[in-house]
Every structure is written in C-alpha cells, then in structure tokens.
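Coordinates in review
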Amino acid sequence: MMGWQIEHASLFYEFNLEDRVPAGHLLRRIDEVLDLSFVRRHMASHYSVTGRPSIDPELMVRMLLIGYLFGIRSERRLCEEVDLNLAYRWFCRLDLAGKVPDHSTFTKNRHGRFRESDLMRTVFEMTVEQCLAAGTASTTHVAVDGSHMRASAAQDRCVASVTDLPSADRASRAVREYLSDLDQASPDLEGVRRSAAKRVSLTDPAAALSRKHGKARFAYGMNALIDTGSGMVLGVQAAPERFADEPEAARRMLERLRVRHDAVPQVLTADKAYGSGPFLAWIEERGIEAHVPVIDRTHQTAGRMTHADFGYDKEGDQYLCPQGKPLRRVGDASGEARRSGTTAYRSRASDCKGCPIKARCTTSSTRAISRSLHQDVRVTVQARQATEAFERSLRLRKRVERLFACVKHNDGLHRLRLRSLRGADEQFVLAAAAQNLKRMTKLLPADGPRTRTAAA
Ligand code: SF4
C-alpha cells in the first residue's frame, strides 16, 4: 500500500541530538580525542568579571575547527551551517534551541582577545602535546618545507614602496598592523624602503610578490615541520612568500619545539632551499643531523676552472691553484666576511702573468675564490648525500607536501581569507590543528587509551 507524508506534525515527540550523530562520524571521532578544557582557563584573564556573559570561547574554537575540517571558508556560512547541521550542533555542544553566534563575533574576538592570548596557536600546540604524550608522534626524524599560499590581495592594487603606503590614520587594519610591525622592527622607514620589495600591496602589505606557475601574485609561505613517521604537524609558521624567509621560519619552529615540548630532533630533512651554510651550521650546532642538499654555486664559473680545481691548505689558510700558486685571504675576516657569509682568496697578478692555463682560469689579472664561513659543515653534509639514510630521508620529506595539498584542496586554503601576517598565521595553525585531529583519529586505536593532556 502506498504511504503518504503525515500532514500534521506531532505536538510532542522525543528527540535526542546524541542519537542523530552516527558512530563513525568524523566529528564524533574527533570529539573523542579533542580536549579543549583548557580554553576557558586560558582565556579567563581576557574577560571582565562583570557585565553580560560573553559567547563561550570554546564554542567559537569548536566552530572554527568545523570550518577547517570541512573546508567552510566563510564565517557567515559557517554560522548558517552550524545552525542547520545536527552533527555540527552536537560537536559545538549546542542543543536544538542553542543560539549560534553571529559571524561578526569571530572578527571582534580575532582582533582582540584571541590574538592577545595566542589562543589559536595554543589549540594547535595542544594537539602536538597530546600526540607526543600518546606516542602517536615522534620528534626523532622531522621534515620541513614551505608552500606558496595566495594572499587575499589583488595584484594590481599596489604601490612602488613602503613609504607610498597611506598613513596609519587613513589606512586599513592590515596596513596599520604592517606599519606598526615595521616601526617596531626598524624606525628607519627610509632604510626599509631601500631594502624592501619593489611592489607593496595596498590591501595586504605583509604579503610578498612571488611568482608561481608563471604568474606573479601576492602570497604568504606556509612553513610546516612534520614528523616523517606519523605525518603529524609539529610546527607551523607563516612568513612572506620569499625563498630567503624559509630557513628563518624553520629556525622558529625548531626553537618552539624545543621550548614548548622540550624536544630536539635527531635528523632534519628539507629541500635545497634550506641548504645554505648558515642554516646548516645552525642545525648541526644543535646536534641535529641535516639531510639537506647543499646549495653549491662553486661550479658556476662560466666554463672556467671551478672551486674543486683549487686545493685548500687549512694550516696556511690559503688555496693552491693547479700551478701551485697560493691564493691568499683578502680583506678583514670578521667584518666583510660576516656580512657576505664568505671569505675571499685572491692570487697575485705576478703569479698569473704568463701562466700557461690562464685562459681556463680567469679573464682578469688575478683569480679569486670565495670560501663559505661554514665550509666545514657544508662538506660534512655534502658527504652524507651519498648515503642510503640521506636518500631515505629525501623520500620521507615528501610527506610534508601531502600536508600542503590537503590544506589547499580540502581545507580551502588555496587562497587565504584573512589578511596580514597574523591572519595568515591563524589560518595556518588552525588548518594544521585540523589535520592533526584527523590524523589522531586514525592513529589512535578505536578502543585504546586516549591520552588527554590539558595545555598550560
Ligand atoms: S692564472 Fe693564476 S691562479 Fe690561475 S692557474 Fe694560473 S697562476 Fe694559478
């Protein structure tokens, strides 16, 4: 017999939100591993003890995590989705009558107490702490890399230099933040103008103009440090998308790992962008074995004899050319060398005059060779490149690229929504926290012990 839809809804019925969320639902599995009990404690000093009760900060964190877990980019849409979706309501501890906050609440809190308290990074660090405590992540073998994330800034809305930006009283929030950061870093705006990028965005001046797939775009770099074994994200850091900023971001992540989690990796693997002498020396000084291809430009000599044709005499601190003539160090070893990171060695014009192989050596009257201040470290790391462990490390490094693919394509970070370096950092830490939570649901056994460690 054909049935029909009941015309009149019941006046009373039983309803339990708990029963509407399936056992295997992602949010239910995440809820088992997520511990946000620290949030209210962490935020207590940022709220007044009098007045009307605010929106619960834990509710806002739960809603934001839903946004990153399900790729909901807009906070206005996030509020609509939480209002409509029963599983989202359950995860946010909202019953059917529970009021969903207005989307503007997120903006107000973001620029106020959330940033002052560094809440989003604390949420991320909590996932790392839980993983390390539960033994699902390790800091023994780590990989670091950066990825281009397009900023929310039109390419044609830019000025030629920092000094062309509008003054703080007429500028947008992103410009004001940028100018304030510059002021703190250096009161000499003229100096900054000389050294700064050729084009500065009017909408998001902290983003760097960088080229990707043949197109120049304003972008930030998402830098991530991962455990190559489990794929868990151990560190994340936003930086303007510039080749030179990646090693600095890696330093900050490793330092944070040491300070916050008392952990120093045994092996670090990365691509050639991290293969500069100063960064390799910094890594090795901390007892970390660098499995990184060394940046080596000594063979770029336009067809003439290379660095390898000259032997270094450590005792005499000089090079010897194939004709046995010395190339002695020139200039002050401390001043200029510190600035350039290299020491220069030069032959004598009288030695080179009449040399039978001069045409293969130099077009000048003398031959110069530069030596990195970290040459010994470079040689040590270069020697590792032939080992099987190094090869294996480079294969494991690719896991970090999977993370970038996930946050771009699943979490909606192919183009950033929030402006300024702080906005980019917030998006990266929350995306990394969401990735960690997803991974924790897979790594922890369904009925096994789940370690919950409240963050300080
Ligand atoms: S040109 Fe000068 S430095 Fe070069 S091989 Fe001849 S003597 Fe040596």
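Further up the page is the structure itself.
Below: a short report on this structure. Keep in mind it's a predicted model, so treat the numbers as computed, not measured.

As for the environment of Ser117
Relative to the assigned elements, Ser117 resides in helix α7 (residues 103–117). It is 7.7 Å that separates the C-alpha atoms of Ser117 and His42, two residues lying 75 residues apart in sequence. Setting aside residues no more than four positions away along its own chain, Ser117 makes contact with His42, Met43, His46 and Thr122.

Let's talk about the site of the ligand
All residues in the neighbourhood of the ligand are listed as Met305, Cys321, Gln323, Lys325, Ser347, Asp351, Cys352, Cys355, Ile357, Lys358, Cys361 and Arg367. Of all the elements in the fold, those that place two or more residues in the shell around the ligand are α14 (349–352) and α15 (358–361). Residue classes in the shell around the ligand are distributed as six nonpolar, two polar and four charged.

Here we look at the nonpolar core
In terms of nonpolar packing, the biggest core is built from 105 residues, with Met63, Ile66, Val82, Leu119, Leu225, Leu268 and Phe428 touching the most fellow members. For this core, the leading source of residues is helix α19 (residues 420–443), giving 10 residues. When we break this core down by domain, the ones giving at least three residues each are domain 1 (17–117) and domain 2 (137–294 + 382–433). Filtering out sequence-adjacent residues up to four positions away, Leu268 remains in contact with Val142, Val144, Leu225, Leu254, Phe279, Ile283, Ile288, Glu289, Ala290, His291 and Val292. Counting residues in each nonpolar core, the second largest holds nine residues, with Met305, Phe310, Cys321 and Tyr345 among its members.

Comments concerning a nonpolar patch on the surface
On the surface, Tyr13, Phe15 and Leu96 cluster together to form a nonpolar patch covering roughly 350 Å² of accessible area. Inspection of the secondary structure assignment puts Leu96 in the loop between α6 (86–91) and α7.

Some remarks on the sheet that holds strand β9 (residues 311–313)
The strand order across the open sheet formed by five strands is β9-β10-β11-β12-β13, and the pairing between neighbours is antiparallel. Either end of the sheet is taken by a strand with one partner, and the two such strands are β9 and β13 (368–372). Between one strand axis and the next, the sheet turns through 35° on average, direction left out of account.

Here's the deal with the packing of aromatic side chains
Within a pair of aromatic rings, the relevant descriptors are the distance that separates the centres and the angle that separates the planes. Taken as a whole, this structure holds five aromatic pairs when the rule is applied. On the numbers, 5.3 Å between centres and 40° between planes, the contact of Phe70 with Tyr88 is tilted. Within this pair, whereas Phe70 is found in the loop between α4 (57–69) and α5 (75–84), its partner Tyr88 is found in helix α6, the two being separated by 18 residues in sequence. According to the relative accessible area criterion, Phe70 is partly exposed, its value standing at 30%.

Comments concerning the packing of α4 against α19
α19 packs onto α4 with a crossing angle of 80° between their chain directions and a minimal axis gap of 9 Å. When the axis of α4 is compared with that of α19, the two are roughly perpendicular. Across from Leu64, Leu65, Tyr68 and Leu69 in α4, the residues of α19 making contact are Gln427, Leu430, Ala431, Ala433, Ala434, Leu437 and Lys438. Tallied by class, the residues present in the contact of α4 with α19 amount to nine nonpolar, one polar and one charged.

Considerations on a positive patch on the surface
Taken together, Arg29, Arg402, Arg439 and Lys442 make up a surface patch of like positive charges. Relative to the helices and strands, Arg29 is located in helix α2 (residues 26–33). Exposure remark for Arg29: the relative accessible area of 30% places this residue in the partly exposed category.

Some points on α5
Those residues of α5 that fall on the buried side of the exposure criterion are Glu75, Leu78, Cys79 and Val82. The buried side chains of α5 occupy one side of the element, clustering within an arc of 100° when seen end-on. In this structure, α5 carries Arg76 and Leu84 as exposed residues pointing more than 90 degrees from its buried face. Along its buried surface, α5 packs onto α4, α6 and α7. A side-chain oxygen of the first residue of α5 lies 3.2 Å from the backbone nitrogen of Arg76; this N-cap is Ser74.

About the cut-offs
Residues numbered from 1 in each chain as written. Predicted model: local features only at pLDDT ≥ 70, side-chain atom pairs only at ≥ 80, totals over all residues. Heavy atoms only, no water. Helix = DSSP H or I, 4+ residues; strand = E, 2+ residues; numbered from the N terminus. Contact = heavy atoms within 4.5 Å. Near = heavy atom within 4 Å. Nonpolar A, V, L, I, M, F, W, Y, C, P; charged D, E, K, R; others polar. Core = buried A, V, L, I, M, F, W, Y, C linked by side-chain atoms within 4.5 Å. Buried < 20%, exposed > 50% of the residue type's maximum accessible area, 1.4 Å probe, protein only. Domains from an automatic or database assignment. Patch = residues over 30% accessible without salt bridge, like charges linked within 9 Å, V, L, I, M, F, W, Y side chains within 5 Å. Areas by Shrake-Rupley, 256 points an atom, 1.4 Å probe, with all protein chains shown as cover. Salt bridge = Lys/Arg side-chain N within 4 Å of Asp/Glu carboxyl O. Pairing = 2+ DSSP bridges. Axes fitted to C-alpha atoms, helices over the stretch in contact; angles between N-to-C directions. Phe/Tyr/Trp six-rings, centres within 6.5 Å; stacked < 30°, edge-to-face > 60°. Parallel < 35°, antiparallel > 145°, perpendicular 65-115°, else oblique. Lys, Arg positive; Asp, Glu negative; His and termini not counted. Charge placed at Lys NZ, Arg CZ, Asp CG, Glu CD. Arc of directions from axis to C-beta. Polar contact = N/O pair within 3.5 Å; in protein donor to acceptor, adjacent residues only side chain to side chain.

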